[in-house]
Amino acid sequence: MIGLLSVCLRVAIALFTRGFFQPDEYFQALEPAHRLVFGYGHLTWEWLGPRPVRGVLYPAINIPVYWILKASGLDRKYPAIVVASPRLIHGLLAALTDIWICKLAREVLDEAYVRPAYFLSLTSFFHAMSLSRSLSNSLETSLTTVALSHFPWDVKAPFSLARLRKCIFFAALACVIRPTNGIIWIYMFSALALQGRSHAKSLIIFARDAAIIGFVAIVLSLSCVLDTLFYGRPVLTLLNFLLVNASPLSSFYGSSPWHYYLSQAIPILCTTSLPFVLHGSFLAVKKNEAKLKILTGCVVWTVGVYSLLGHKEWRFLHPLLPMLHVLGARSLRELYNHSAQEHRSRQPSRRTKRLAGLPLRTRDLMLLLLPVPASIYVALFHCTGQIEVMSYLRRLPVDDSATIGFLVPCHSTPWQAYLHRPDLAHPGKMWALGCEPPLMVRDKAGYRDQTDLFFESPITYILSHFPSQVDPSFPPSPFPSSMPDVSFVGTLGEIESRSRSWDMGWRHEWPRYIVMFGALLQEPGILSLLQEKGYREIWKGGGEWDGDARRKGGVRVWKHGTL
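This report concerns the structure included in the present document.

Cut-offs used in this document
- Residues numbered from 1 in each chain as written.
- Predicted model: local features only at pLDDT ≥ 70, side-chain atom pairs only at ≥ 80, totals over all residues.
- Heavy atoms only, no water.
- Helix = DSSP H or I, 4+ residues; strand = E, 2+ residues; numbered from the N terminus.
- Rg over C-alpha atoms; globule rule 2.2 N^0.38 Å.
- Buried < 20%, exposed > 50% of the residue type's maximum accessible area, 1.4 Å probe, protein only.
- Areas by Shrake-Rupley, 256 points an atom, 1.4 Å probe, with all protein chains shown as cover.
- Lys, Arg positive; Asp, Glu negative; His and termini not counted.
- Charge placed at Lys NZ, Arg CZ, Asp CG, Glu CD.
- Phe/Tyr/Trp six-rings, centres within 6.5 Å; stacked < 30°, edge-to-face > 60°.
- 1 Å grid on protein atoms, 1.4 Å probe; cavity = no way out; pocket = protein on both sides within 12 Å on 5 of 7 lines; lining within 4 Å.
- Points joined across faces, edges and corners; volume = space filled by probe spheres on them.
- Nonpolar A, V, L, I, M, F, W, Y, C, P; charged D, E, K, R; others polar.

Bringing the overall build of the chain into the picture now. For the chain, the helix and strand inventory stands at 27 helices and 5 strands. Expected size for 563 residues packed as a compact globule is a radius of gyration near 24 Å; at 26 Å, the chain falls within 12% of this value. For the C-alpha atoms alone, the extent of the chain along its principal axes is close to 80 × 55 × 50 Å. Among the 563 residues that make up the chain, the fraction classed as buried is 55%. Counting every atom, the chain has about 24,200 Å² of accessible surface; 63% of that belongs to carbon and sulfur. Each charge sign in the chain was given a centre, from 57 positive and 39 negative side chains, and these centres are 10 Å apart.

Attention now goes to the packing of aromatic side chains. Counted according to the given criterion, the structure contains 23 aromatic pairs. A centroid spacing of 5.2 Å and a plane angle of 85° characterise the contact between Tyr 26 and Tyr 418, whose relative ring orientation is edge-to-face. With Tyr 26 in helix 2 (residues 24-38) and Tyr 418 in helix 23 (residues 416-419), the pair connects residues that are 392 residues apart, well separated along the chain. A single burial state applies to Tyr 26 and to Tyr 418, both of which are buried.

Quick look at the layout of surface pockets now. What the second largest pocket holds in volume is close to 790 Å³. Broken down by secondary-structure element, the contributors of at least two residues to the lining of the second largest pocket are helix 2, helix 3 (45-48) and strand 2 (430-432). In terms of residue count, strand 2 provides more of the lining of the second largest pocket than any other element does, 3 residues in total. Residues belonging to the lining of the second largest pocket are distributed by class as follows: 22 nonpolar, 14 polar and 2 charged.

Here it is, written out as structure tokens:
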């Protein structure tokens, strides 16, 4: 029953989610797989740079379903199925978190805490927003939960080596998917080694198995071999990933203060379950519950290490959320038992009984259900225009003169994995502004990418990078954005040593269709210029208030020559 409910819920969320959350969902998972199978798709600097930082294993999850669609011809007959099919896969993978948190709660606590932990997982706002998406953090969360459920939590007692090997296997797999997941396992395996010193022989076998299973079988075979085949040369993407995330380069996409995870990320991950998570942590320390203290220590350690890095995002802590739910379950059951002892003559309310016998106080239940409307909103209504516009463009007639330009902040919409239009895959036929990082640039603070330069003065950029007249044949743009390869790095070095203007001489042709956010029309001179050139609005989607300042006003499509 638990498995069926979990699968139905996560697959439904995956299939019916209509909003945009994070570009990596498309550009680090779907686009590379789409390119491998169909021969076209956008690769970002993480894939094209001189030191690639992305491994092919996670995108490869989408390859079988893409291959089936291509071989059967269904992708040509029903293009929308190209969008829906990977969602089904990631919905199934997301269900693993809900299923295995039950075993984790049973191992760390006992059977009485399984239902509260499962309820917290099902009703989690952040799970609803992120877990069913094609983000590496989402699969990392599922794999971490599975691995933790096989961890020998009674570290001072003899442990099953077969079970420990399963833990090592899933932990290693999580590290290949997301190398920073190793931070969790540094703590967990250190706790096992320190507290299980009396079982020296078992620890020696554990170290051997960790080396063989974790490093040789998983890291070398799945990571190094697959990546070497994909890139056509020996690469160590795991090492490159760690080096980039620990370097100042990672701050190019945003830097947050040291307390970001404490003041923002954890409250957003937990929402109304946060008081119970904190209370559960307090109980673990106060009552000296060894298993729960290890879990709490892992959370504190991981948050502390991540806080040392400049670039921070909520989703980086997603693998910790099942652990936080176990802590919350400890509190909820404690409060329920305490309330029952105070009111022995009273029985739980009828409503609580009908909800699968959940051991929750009514007021706690109401508090935990508060984020459900927010979950529905972010899945169905928030930032929908960025997804809907790709469906609209997919339905445009195939025309040799069809060209599309995206005058939006980089990676604001999906790409060919949601469009699936080979006629628009030719260079310059469909383009967007870039945001390549300052690779090998010394003065990273002074660097400006193409998106920055455009939005500093959109009218100035258009007048200097677009022709004065619209060519009615709408030819492809000769140099609409930079290719972040080895030559790009060399060009950045030359610019830094000479002009430092950071303008790489991009050249656009006026496209037949322009995609933009409504906020761009509020910029001085843009509305009148587009109207003067013969463009008119033909489509609008999304909310006026969605997104940051550059992404407000809804998504608009303007076409040349429309009456």
